[in-house]
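Descriptive analysis of the structure
Listed below are the residues making up each chain.
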Amino acid sequence: MPEFDYVPDELDRRLVVATQAGLPLVPRPYDTLAAQLGVSATDVKERLGVLLAQGVIRRIGAVPNHYALGYAANGMSVWNVDDARVDELGERVGALDFVTHCYRRPRHVPAWPYNLFAMVHGRSRDEVDEKIASIARLLGDACAGHDVLFSTRILKKTGLRISG
Amino acid sequence: MAEIDDLDRRIINALQGGFPLVDEPYREVAETLGITEGELIRRLEDLLARRVLTRFGPMFQVEAMGGAFVLAALAVPEARFDEVTLLVNSLPEVAHNYRREHALNMWFVLATETPQGIGDAVARIESLTGLPVHAFPKEREYFVEMKLAA
């Protein structure tokens, strides 16, 4: 579990609640948030800047629906990588321009020998397969086996909801 | 695949990150795209309404806010797949759930406001479904950029 030095306060929590549906689509969105939260717009902008700098906010931006953009194939590639090299190689896999998430996770042996997960999106399964072949080349003999789990159906997609 | 035109693509690519912390941020972005603030806001409303975008705003790191996010999987017998889907999806802690091709055929993300909430949700899913939950908490996150071109 990653550790964070930043200790969120009440304003941070209220900012999460006020923006979880999204940033207001009005000309002065930070003024709107400030009025909701009972602080100044300067406070809102400064706090968002601190949260970005601390990594508490990853980014402020648009979250595309991959399917709507034509990235119809989504393969969760999973790799059994030498523990001594997984962190070095994980960083390199994460840097590939078609990998959208990359994590080290625990193995569940014998059923699940894989410790590196890399999500690969493509316009077709063939495109995803080609990209996975290039991950295999990058990992080389540090990888003892891999699998690709294509998603065949979205069963639920809501995201985190924090109560006010 | 949704109908999106060249301007939609330019807007999506321009808004992947770095939205400005200024009084009139939409105006600032609109100027770089050569359109008006009103047009940018209308396009964003439309992209969200059509679900081309699932969200526009700050993306909080759940763990930094004291919460927890864990990927987990079940091996669901085919005959029970629909029934188990309903049971798993009934938990508000289940944020995403995907069917995938593997013996572990149901993969979902548990998102809770506290780390203890994960254990509670796992226990509840096991008792509702009678199936063992395989939890895959992240041990390390490797840096990726948001880079899927629209």
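Residues numbered from 1 in each chain as written. Chains lettered and ligands numbered in written order. Predicted model: local features only at pLDDT ≥ 70, side-chain atom pairs only at ≥ 80, totals over all residues. Heavy atoms only, no water.

It is worth spelling out the packing of aromatic side chains at this point. One pass over the full model with this rule turns up 10 aromatic pairs over all chains. Where B:Tyr26 meets B:Phe56, the ring centres are 6.1 Å apart and the plane angle is 45 degrees; that geometry is what we call tilted. Taken together, the positions of B:Tyr26 in helix H2 (residues 25-33) and B:Phe56 in strand S1 (residues 53-60) put the pair 30 residues apart, joining distant regions of the chain. Assessed through its relative accessible area of 0%, B:Tyr26 is described here as buried. You can call B:Phe56 buried: its relative accessible area is 2%. With centroids separated by 5.3 Å and ring planes inclined at 25 degrees, the aromatic side chains of B:Trp107 and B:Phe136 adopt a geometry described as stacked. Placement of the pair is B:Trp107 in strand S4 (residues 106-112) and B:Phe136 in strand S5 (residues 134-136), with a sequence separation of 29 residues. The pair formed by B:Trp107 and B:Phe136 is uniform in burial state, with each residue classed as buried. Members of the aromatic cluster, connected to one another through ring pairs, are A:Trp112, A:Tyr114, A:Phe117, B:Trp107 and B:Phe136. For A:Arg105, the ring lying beneath its charged end belongs to A:Phe117, and the centroid distance is 5.1 Å. Positioned above the aromatic ring of A:Tyr71, the side-chain terminus of A:Arg123 is 4.5 Å from the ring centre. (Phe/Tyr/Trp six-rings, centres within 6.5 Å; stacked < 30°, edge-to-face > 60°. Helix = DSSP H or I, 4+ residues; strand = E, 2+ residues; numbered from the N terminus. Buried < 20%, exposed > 50% of the residue type's maximum accessible area, 1.4 Å probe, protein only. Lys NZ or Arg CZ within 6 Å of the ring centre and 35° of its normal.)

Once that is clear, we can look at the domain arrangement of chain A. Taken domain by domain, chain A comprises domain 1 (10-54) and domain 2 (73-150). In this structure, domain 1 of chain A and domain 2 of chain A have C-alpha centres spaced 37 Å apart. (Domains from an automatic or database assignment.)

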